[in-house]
Amino acid sequence: CMCKFILQCSLTQLFRLVQAGEEVPGLSKLDIKPNSQTPTPSQMERRPKPWENSKTHITLEFLVCSSSAWWQCLCPRDLCWWSFRSSGMWGAG
Amino acid sequence: MKTFKFPARHGYAVEISPFIPTRLACATSQYYGIAGCGTLLVLEQTETGISLVKSFDWNDGLFDVTWSESNEHILVTGGGDGSLQVWDTANPQPGPLQVLKEHTQEVYSVDWSLTREENLVVSGSWDRTAKVWDLSRGGLSLCTLQGHEGVIYSTLWSPHIPGCFASASGDGTLRVWDVKTGRCRLAIPAHKAEILSCDWCKYDQNVIVTGAVDCSLCVWDLRNVRQPLSRLLGHSYAIRRVKFSPFNQTVLASCSYDFTVRLWDYSRTEQPLMETLEHHSEFVCGLDFNLQIPNQVVDCSWDETGLVT
């Protein structure tokens, strides 16, 4: 579509200018620095998320205890297999 | 549908405030993020449209934004100069409160932890590392997590498991990290292409979705990663961002270089694609669900506009 063609033209021109170290028209060169101030104190209570209802809370406490289980129950053989796949599949770099 | 415009800026990320459901933050860059500055826009939805509350400029492009979970005024952005910036919307002074500079290349992802006891931010960078920061403890990172063999595009905290985050990378893997040990616990070759985005299911702590340059979304159960639970096809170009619904266990939204935003329900095995929104004329990079208004989605695009459904 035409808009993509226009985008590609201007992106190409932009790349050329940047690569050649030339001035890009309208480019903003700013020098903004942190003000090192302390944050404005919060005045609002944190709201519960939609998934954080009381029923889910009880379930989550149980799941958090068992969550480490899925990390640990993934056996070393599986981990090695996945590492092998990832290194072999798309080569170096 | 309401729109917001940001002339001469290209939208990279948009997030709705967890405190104020009508408040949005949009991270934008000049010149598509290739050169020039960045601008953080803080916007407010009104009855009639969307108005600008405040804008903050930065020296380089901005690629991601995250709202604080403990203070409604605070946001963090990630920039092209490798730094993170901490902003205070209620502070009249110009500039960020703090700048965190350790990454050696672009910071493409920032995320504030959802765990109540934590006040942590995770950043993902093109320097192939992820870093964890505690903003209340000064400007140094707590740890640096290495292992990816390609640029990191996305880093997201688990909403359920403290100290656990997922990362998506140009090396084609999805990794799950444990901050307490500083180790990668899972490395999944999820796509044969760069993975630009991932998100955790809000109702099942074992489920993650990935979105990749191969135009597909894959939903994974981390207890069995040999094949995905679901593979969602429909986008015609790379998927730039994916988000799970805060209200429905199997609903998710994706945005793409094909200019569209799509809504999916992966439990509908026959036809998971629910809706395609074609309102943009350029890459759609930013996407978020409203945590307090069911079915409201916000997006932002390189076409200098953003939309709220």
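Quick notes on the rules
- Residues numbered from 1 in each chain as written.
- Chains lettered and ligands numbered in written order.
- Predicted model: local features only at pLDDT ≥ 70, side-chain atom pairs only at ≥ 80, totals over all residues.
- Heavy atoms only, no water.
- Helix = DSSP H or I, 4+ residues; strand = E, 2+ residues; numbered from the N terminus.
- Rg over C-alpha atoms; globule rule 2.2 N^0.38 Å.
- Buried < 20%, exposed > 50% of the residue type's maximum accessible area, 1.4 Å probe, protein only.
- Areas by Shrake-Rupley, 256 points an atom, 1.4 Å probe, with all protein chains shown as cover.
- Lys, Arg positive; Asp, Glu negative; His and termini not counted.
- Charge placed at Lys NZ, Arg CZ, Asp CG, Glu CD.
- UniProt positions renumbered as here; feature names shortened; annotations may be inferred.
- Pairing = 2+ DSSP bridges.
- Axes fitted to C-alpha atoms, helices over the stretch in contact; angles between N-to-C directions.
- Contact = heavy atoms within 4.5 Å.
- Buried area = accessible area lost by both parts, 1.4 Å probe.
- Salt bridge = Lys/Arg side-chain N within 4 Å of Asp/Glu carboxyl O.
- Nonpolar A, V, L, I, M, F, W, Y, C, P; charged D, E, K, R; others polar.

Chemist: Just give me the short version of the overall build of chain B, but keep the residues and values in it.
Modeler: Counting its regular elements, chain B contains zero helices and 28 strands. Scaling as 2.2 N^0.38, a compact globule of 309 residues should have a C-alpha radius of gyration of about 19 Å, and chain B matches this with 18 Å. Counting only C-alpha atoms, chain B reaches 50 × 45 × 35 Å along its principal axes. For chain B, buried positions account for 69% of its 309 residues. With an accessible surface of roughly 10,100 Å², chain B has 47% of that area assigned to carbon and sulfur atoms. In chain B, 24 side chains carry a positive charge and 35 a negative one; their mean positions are 5 Å apart.

Chemist: How would you explain the UniProt feature "repeat: WD" (unreviewed entry) in chain B if you had to name every residue and give the values?
Modeler: All names here are of chain B. Mapped onto this numbering, the UniProt entry gives "repeat: WD" (unreviewed entry) at residues 65–88, 100–138, 145–187, 188–230 and 232–274. Structurally, residues 188–230 is divided into 0% helix and 44% strand, and its ends, taken at the C-alpha atoms, are 15 Å apart. Note that residues 232–274 is 0% helix and 47% strand, and that its end C-alpha atoms are spaced 11 Å apart.

Chemist: Provide a residue-level description of the sheet that holds strand β6 (residues 62–67) of chain B, including the pertinent values.
Modeler: The strands making up a sheet associate through hydrogen bonds between their backbones, and the pairing can be parallel or antiparallel. Residues and elements named next belong to chain B. Across the sheet, four strands lie side by side as β6-β7-β8-β9; this open sheet has antiparallel pairing. The sheet terminates laterally at β6 and β9 (98–101), the two strands that pair on one side only. Between one strand and the next, the sheet's axes are offset by a mean angle of 20 degrees, whatever the strand orientation. Alignment of β6 against strand β7 (residues 74–79), held across five bridges, turns out to be antiparallel. Across the sheet, residue Asp64 finds its bridge partner in β7, namely Gly78.

Chemist: Residues and numbers for the interface of chain A and chain B, please.
Modeler: Counting from both sides, the interface comprises 54 residues of chain A and, opposite them, 66 residues of chain B. For the pair chain A and chain B, the summed buried surface comes to about 5,300 Å²; carbon and sulfur atoms form 61% of the total. For the pair chain A and chain B, the interface holds three salt bridges. Here Glu69 of chain B and Arg46 of chain A are joined by a salt bridge, their closest N and O atoms 3.7 Å apart. Secondary structure elements with two or more residues in the side of chain A that touches chain B: α1 (2–19), α2 (54–73) and α3 (76–89) of chain A. Tallied by class, residues from the side of chain A that touches chain B come to 30 nonpolar, 13 polar and eleven charged.

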